[in-house]
Amino acid sequence: MSDPIERSGLRPEFWKTTPLERMTQPEWEALCDGCGKCCMNKLEDEDSGEVVMTRIACRLFDDTTCKCGQYPIRHQFVPECISLSPRNLDSHLYWMPETCAYKLLRQGKPLYGWHPLISGDPQSVHDARVSMQSRTLPEFEISEDDWEDHIIEEPR
Ligand code: SF4
Ligand code: SF4
């Protein structure tokens, strides 16, 4: 399968040698493993602050490709979608998936072998069953009051 994320022309194993703050924009974008877990709606407990994941996908999420359907212009439709950067990464770690490459590197951990940067195959994240491909529900079909019926454990 062709890689929906551009990963050509990058420095070999740049994620091992280059701090997040010093990566080029293409390198930063290539860090995304394509799992789609950040595009699921989360619920946060007001008292404890605990965040849980649901299988209710953002309205722009494509369950087949496991990608944003309108990534370059997504803010026209979903203004609250976060543009992750080295500057704001720390403030978002609390809700980000445990296997997210940005979170792993920030925590000083290695990437998993199924990461497309390591496997060389964008399908490997799906084959490892750690992505949201073909296991979501669209948010426009489920009332927000019922989202808690669709809480899931992070696939990992
Ligand atoms: S959770 Fe992280 S690695 Fe997965 S799609 Fe979102 S940004 Fe990419
Ligand atoms: S707008 Fe796109 S990138 Fe942002 S959460 Fe929705 S599907 Fe994901």
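These numbers come from a predicted model, not from an experiment.

Trainee: Just to check I follow, could you spell out the overall build of the protein for this structure?
Mentor: The secondary structure content of the protein amounts to six helices and six strands. Taken over the C-alpha trace, the protein has a radius of gyration of 16 Å; the compact-globule value for 156 residues is 15 Å, and the two agree within 12%. In terms of principal-axis extent, the alpha carbons of the protein reach across some 45 × 35 × 30 Å. A total of 156 residues make up the protein; the buried ones form 23% of that total. Considering only contacts within the protein whose residues lie at least 6 apart along the sequence, 60% involve residues at least 24 apart.

Trainee: Honestly, the environment of Cys 66 in this entry has me stumped. Any pointers?
Mentor: Take Cys 66: it is sitting in the loop between strand E3 (61-62) and strand E4 (67-68). C-alpha separation for the pair Cys 66 and Gly 36, spaced 30 residues apart in sequence, amounts to 5.6 Å. Here Cys 66 is in contact with Gly 34, Gly 36, His 126, Ser 131, Met 132 and Gln 133, once residues within four sequence places are set aside.

Trainee: I would appreciate a short explanation of the site of ligand 2 in the present structure.
Mentor: Around ligand 2, the neighbouring residues are Cys 39, Cys 58, Leu 60, Phe 61, Cys 68, Tyr 71, Arg 74, Val 78 and Cys 81. Of the residues contributing to the shell around ligand 2, the split by class is eight nonpolar, no polar and one charged.

Trainee: Where do I start with the pairing of strand E2 (residues 51-57) in this structure?
Mentor: Taken residue by residue, a regular strand's side chains alternate between the two faces of the sheet. Here four bridges tie strand E1 (residues 40-44) to E2, and the two strands are oriented antiparallel to one another. The partner of Met 40 across the bridge, within E2, is Ala 57. Hairpin connection between E1 and E2: a loop of six residues separates the two successive antiparallel strands, and Gly 49 in this loop has a positive phi of roughly 80°. For E2 and strand E6 (residues 151-152), the ladder comprises two bridges, and the chain directions are antiparallel. Looking across to E6, one finds that Thr 54 is bridged to Ile 151. In terms of strand pairing, E2 meets strand E5 (residues 137-138) through two bridges, oriented parallel. Of the residues in E5, the one forming a bridge with Ile 56 is Leu 137.

Trainee: Would you explain the environment of Asp 121 in this entry?
Mentor: Relative to the helices and strands, Asp 121 resides in the loop between helix H5 (116-119) and helix H6 (124-127). For Asp 121, a count of 13 C-beta atoms within 10 Å corresponds to the partly exposed category. Separated by 104 residues in the primary sequence, Asp 121 and Thr 17 have C-alpha atoms spaced 22 Å apart.

Rules of the game
Residues numbered from 1 in each chain as written. Chains lettered and ligands numbered in written order. Predicted model: local features only at pLDDT ≥ 70, side-chain atom pairs only at ≥ 80, totals over all residues. Helix = DSSP H or I, 4+ residues; strand = E, 2+ residues; numbered from the N terminus. Rg over C-alpha atoms; globule rule 2.2 N^0.38 Å. Buried ≥ 20, exposed ≤ 12 C-beta atoms within 10 Å, placed from the backbone. Contact = placed C-beta atoms within 7 Å. Near = placed C-beta within 6 Å. Nonpolar A, V, L, I, M, F, W, Y, C, P; charged D, E, K, R; others polar. Pairing = 2+ DSSP bridges.

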